[in-house]
Amino acid sequence: MKKLLISFAASAAVLFSMTAAASAADKHKICFIYVGSKTDGGWTQAHDLGRQQLEKALGDKVETSYLENIPEGPDAERAIERMARSGCELVFTTSFGFMDATVKVASKFPKVKFEHATGYKTAPNLATYNSRFYEGRYIQGQIAAKMSTKGVAGYIASFPIPEVVMGINSFILGAQSVNPDFKLKVVWANTWFDPGKEADAAKALIDQGVDILTQHTDTTAPMQVAAERGIKAFGQASDMIAAGPKTQLTAIVDTWGAYYIKRVNALIDGTWKSEGMWDGLKDGILTMAPYTNMPDDVKAMAEATEAKIKSGELHPFTGPVKKQDGTEWLKAGEKSEDGPLLGMNFYVAGVDDKLPQ
Amino acid sequence: MRIELERRPRLSKFFMAASPLIAFAMTIVAGAIMFAALGKNPIEALDAIFIMPLMEVWSLHELAIKAAPLILIAVGLSICYRSNNWNIGAEGQFIMGAIFGSILPVVFYGWQPEWLLLPMLIMGMIGGALYAAVPALLKAHFNTNEILTSLMLVYIAQLFLDWLVRGPWRNPEGFNFPETRQFAPVGVLPEIFSESGRAHWGFVFALVAAVGVAFMMKYTLKGFQISVLGQSERAGRFAGFSSRGMIWFSMLFSGALAGLAGISEVSGAIGQLRPVISPGYGFTAIIVAFLGRLNPFGIVAAGLVLALTYLGGEGAQLSIGVSDKVTRVFQGLLLFFVLSCDTLILYRIRLVFSGKRAAEGDAA
Amino acid sequence: MIIEAILLTIITAATPLVISALGELVTERAGVLNLGVEGMMVMGAVSAFAATAITGSPYVGVVAGIVVGALFSLLFGFLTLTLVANQVATGLALTILGLGVSGMLGESFVGQPGIKLPQINIPLLADIPFLGPLLFKQDLIFYLSIALVIGVNWFLFKSRAGLKLRAVGDSHASAHALGIGVIRLRYLAVMFGGACAGLAGAQLSLIYTPQWTENMTAGRGWIALALVVFASWRPWRVLAGGYLFGAVTIGQLHAQALGVGIPSQFLSALPYAATVVVLVLISHNRRMTLINTPASLGKAFVPDR
């Protein structure tokens, strides 16, 4: 009985894989590896929206597939290899922790192209892409300084990696450009995704007297808490307005779709090259959710800042900037290079926290 | 109608052999029903999960990679569970083994003798054993429940690793990203057949451990002690066996194997320490231990089957678009069916169709 | 009032722990060790959220959480009580299955904004300064948690049925000889544990964070198990222990927000380390443990035929 089942199943499998091969021949297969669930309301959802836009834009020319909830480590390597073997021409690996696994698989499959989000290792068939999230955080900082009556904001942070530290610094610099005495309290949740913990962190910050919340974690729980306690907050990665219609001021929305479309078009044209992309507001890889729940003058200021960042007139990390320990980091008028930002491991003055080292 | 159990005069040989097969068949049937309910073709889905991963060589290598830590940990746990020591903190011991084993390649990075792997593996075992010594000490001398202490220590180990790789052990050339240096080539566990795939020697360790434990249980006094104390602490005491000694032995032994699994995984499959090095191997291994009915060879088979559900679940997600949660559901179902079928080894099951609900007391 | 606000946060964090631990306490008092609390809790959370989303009434959600928790625990009961399977393994299987099944059932509800269980103000008492907002301007599940502590305490130590239940847990053989239906009582105790875990899950998805996300119990079921031992199988101590645990969890976040400068990982580990220490302190006192520990805990019972 068992044998029969196996042989039956095996023949079904052959049939199935044959039909799959036939339809794949004239389509370009584009694949995605997600670290979280595609409906997480944050980081992974933003990537999956990008994938859907890609499908919509290129229609019959592409076929996409994805694997979700892939843990970082050896499982990631297997998942990426599975993609490479299943006929994917271009594989997007969408979490920093997939970096080394992507590098390993890329060296094994030189004909397949890979793109890794937020990492720093490249190869002839491996490109990286990232977004200048900090630009949006600068605008948030300015809004926070205008909207806060107490002059203190709370920041729910995930892990002390450069990406997150950069965001915190950009936020406080934005705030200080409006109110030089603005303070920021940080709580490290040590998780990207734990609604309970994020909610508790939000409550703790509010109890400590902050009246604006921002988060670099992925669930909407902090937004819900802010709504309940009647303070304002910023969304992260996806537009979180549904969780706080009267609470969200704006959100940094990752809009990967445009980039995915551009890169897949390059692949189809044969012009795909390995590069390290780090784009921001002006390239549309990152957009601000509508400015809501704020007076018109604040909105006007936010829009003006956004325009200045887009035109290149304003760089959030422009001197004079002092580090938290009082030493000078950037001289007056000096703009930070990308290098120090990508390895950022210090706070600027005004952050009421000690950076975990 | 109700179900009554009747103890068999002796263990049923037939069901000892047949129970895992029946359980597996029941899981398949339940799985087929589940897929049908989800609107997927059950045959296609089952094929993707249980057959396809076995059809390609690279995928067999992946199976070995995934099964190695599960088997290694579960073999150690079987000793604990047979002697009634409920170590469920293998995940923490796995992590501590990985940390201890990584001291040489990370802290003493410049020191790269040819034989570096040997002390790494030994230190990994020591690390795991030391971490298991905590619940052992607390149970043996303070009478503290080891289920809970070993579990609490898992969370502490995870956070400790997290702190290490973000703090003192962070790669100085890694842009502050949370990971240690890549181990030097002398610190990397080699692949077994490197031309066909990346399975490393961890799988061999797992098989050796299984054979070793099988030998110990069958031919040594220690093995006899384990079974006697496990069946009845009183009987063991009359025989002059120390249950306190057994707590120490079984916990340290399983801790050492979990630690070995940890360092093998880190030096073989990952090549560096990262904030998360295990997708819950220490917990899944508990299922493996029970699926294998605490028998070393059963555990090897069970470890392979569980590894198959991981690989297959992933394949099915890709080929027919079923949810990745299917893997867990299958694991849970399989364990449930095995546990229920195992009842048949010790008992005969009778359905009693009697109208009057006899009190359990006078059902004799 | 910052202290009041912090206490409120602690109460919210502690309530699911207290409820699920109380359920497990009753189960364990009957001599059954169910390690599947996490699985039952997460099933309760998903069904409560789903029922609320479908009917629009969070009260229906609460009922759904309780019912599904109890039904799910029956699976455990059938295996361990009827088929005398190993309780530790079956409990773990229940957790794994619960996490998987809830993830599948809940997929379509991820990201949907939830409806929060409304606050119920108790007239007059709610106006007491300080205590009013803490204890009398709460939601249904909080009131239930307090009622459960009182009820379970009364049941175990003051009622005849509770005496029987404890007898079953202390020595199923003698209880059986006295004509007590061991298996039946244990089934009821397991189901009570499941219902409580389900209710605790409902608190998570309807009050704590009114949304559904996969694995949203995030290990709370395991903490509940630790609490039962921590409390040495006494209901009032479960309440105290739950609040203490909540206080440590919330306290570490405040310590961070105040900028204490200790690595956050160490602060996050504090609640777990504290549990270990307390477990040791409690179990060190052998006499006290022996009085309260159900002697037949985790042992299977098959009536001789």
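Residues numbered from 1 in each chain as written. Chains lettered and ligands numbered in written order. Predicted model: local features only at pLDDT ≥ 70, side-chain atom pairs only at ≥ 80, totals over all residues.

K.L.:
Can you help me understand the interface of chain A and chain C in this one?
P.N.:
As a measure of interface size, the accessible area lost when the parts come together is often cited. Each side of the interface is counted separately: chain A has 28 residues, and chain C has 30 residues. Secondary-structure elements contributing two or more residues to the side of chain A that touches chain C are β7 (183–188), α7 (195–207) and α8 (221–229) of chain A. Here the side of chain A that touches chain C takes nine residues from α7 of chain A, the largest share from any one element. Across the side of chain A that touches chain C, the residue classes tally to 11 nonpolar, nine polar and eight charged. (Contact = placed C-beta atoms within 7 Å. Helix = DSSP H or I, 4+ residues; strand = E, 2+ residues; numbered from the N terminus. Nonpolar A, V, L, I, M, F, W, Y, C, P; charged D, E, K, R; others polar.)

K.L.:
Help me understand the interface of chain C and chain B in this model?
P.N.:
Between chain C and chain B, the contact holds 47 residues from the first and 41 residues from the second. Secondary-structure elements contributing two or more residues to the side of chain C that touches chain B are α3 (58–82), α4 (87–106), α9 (182–208), α10 (220–230), α12 (264–284) and α13 (286–292) of chain C. In terms of residue class, the side of chain C that touches chain B is built from 29 nonpolar, 14 polar and four charged.

K.L.:
Sorry, what's going on with the domain arrangement of chain A here?
P.N.:
Residue and element names in this part refer to chain A. When cut into domains, chain A gives domain 1 (28–132 + 256–283) and domain 2 (147–251 + 291–352). Computed from C-alpha atoms alone, the centre-to-centre distance between domain 1 and domain 2 is 28 Å. If you look at the interface, domain 1 gives 12 residues, while domain 2 gives 13 residues. In terms of residue count, helix α2 (residues 43–58) provides more of the side of domain 1 that touches domain 2 than any other element does, three residues in total. Looking at the side of domain 1 that touches domain 2, its residues break down into five nonpolar, five polar and two charged. (Domains from an automatic or database assignment.)

K.L.:
Even after reading the chapter, I still don't get unusual backbone geometry, so can you show me in this structure?
P.N.:
Here the bond from G319 of chain A into P320 of chain A is cis, since omega is 5 degrees, no more than 30 degrees from zero. If you trace the backbone, P320 of chain A turns up in the loop between α10 (296–311) and β13 (321–322). For F130 of chain C, which is not glycine, the phi torsion reads 65 degrees and is therefore positive. For F130 of chain C, the location among the structural elements is in the loop between β1 (119–121) and α5 (131–136).

K.L.:
Would you take a moment to explain the nonpolar core for this structure?
P.N.:
Ranked by size, the top nonpolar core spans 325 residues in total, and within it I71 and I73 of chain B carry the most contacts. Looking at this core, the element that brings in the most residues is α9 of chain C, giving 17 residues. Mapping this core onto the domain boundaries places at least three of its residues in each of domain 1 (28–132 + 256–283) and domain 2 (147–251 + 291–352) of chain A. Leave out the neighbours within four places in its chain, and I71 of chain B touches A206, A210, V288, I299, V300 and G303 of chain B. (Core = buried A, V, L, I, M, F, W, Y, C linked by C-beta atoms within 7 Å. Buried ≥ 20, exposed ≤ 12 C-beta atoms within 10 Å, placed from the backbone.)

K.L.:
Would you take a moment to explain the pairing of β7 of chain A for this structure?
P.N.:
For a regular strand, the rule is simple: side chains alternate between the two faces of the sheet. Residue and element names in this part refer to chain A. Extensive coverage of β7 is indicated by the burial of five of its six residues. With six bridges joining them, strand β6 (residues 152–157) and β7 adopt parallel strand pairing. From the neighbouring strand, Y155 faces β7, where its bridge partner is V186. Across two bridges, β7 lies against strand β15 (residues 351–352) in parallel orientation. By the bridge assignment for β15, L184 is matched with V351. (Pairing = 2+ DSSP bridges.)

K.L.:
Sorry if this is basic, but what is going on with the sheet that holds strand β5 (residues 126–131) of chain A here?
P.N.:
All names here are of chain A. Spatially, the six strands line up as an open sheet ordered β2-β1-β3-β4-β5-β11, and their pairing is parallel. The outermost strands of the open sheet, each flanked by one partner alone, are β2 (62–67) and β11 (276–279). Sheet twist, expressed as the average angle between the axes of neighbouring strands with direction ignored, equals 20 degrees. Across four bridges, β5 lies against β11 in parallel orientation. Within β11, the residue paired with Y129 across the bridge is M277. The sheet strands contacting helix α4 (residues 99–108) are β3 (90–93), β4 (113–117) and β5, and the helix crosses β4 at an angle near 170 degrees. The sheet contacts of helix α9 (residues 257–269) involve β1 (28–33), β2, β3, β4 and β5, and relative to β1 the element is tilted by about 140 degrees. (Axes fitted to C-alpha atoms, helices over the stretch in contact; angles between N-to-C directions.)

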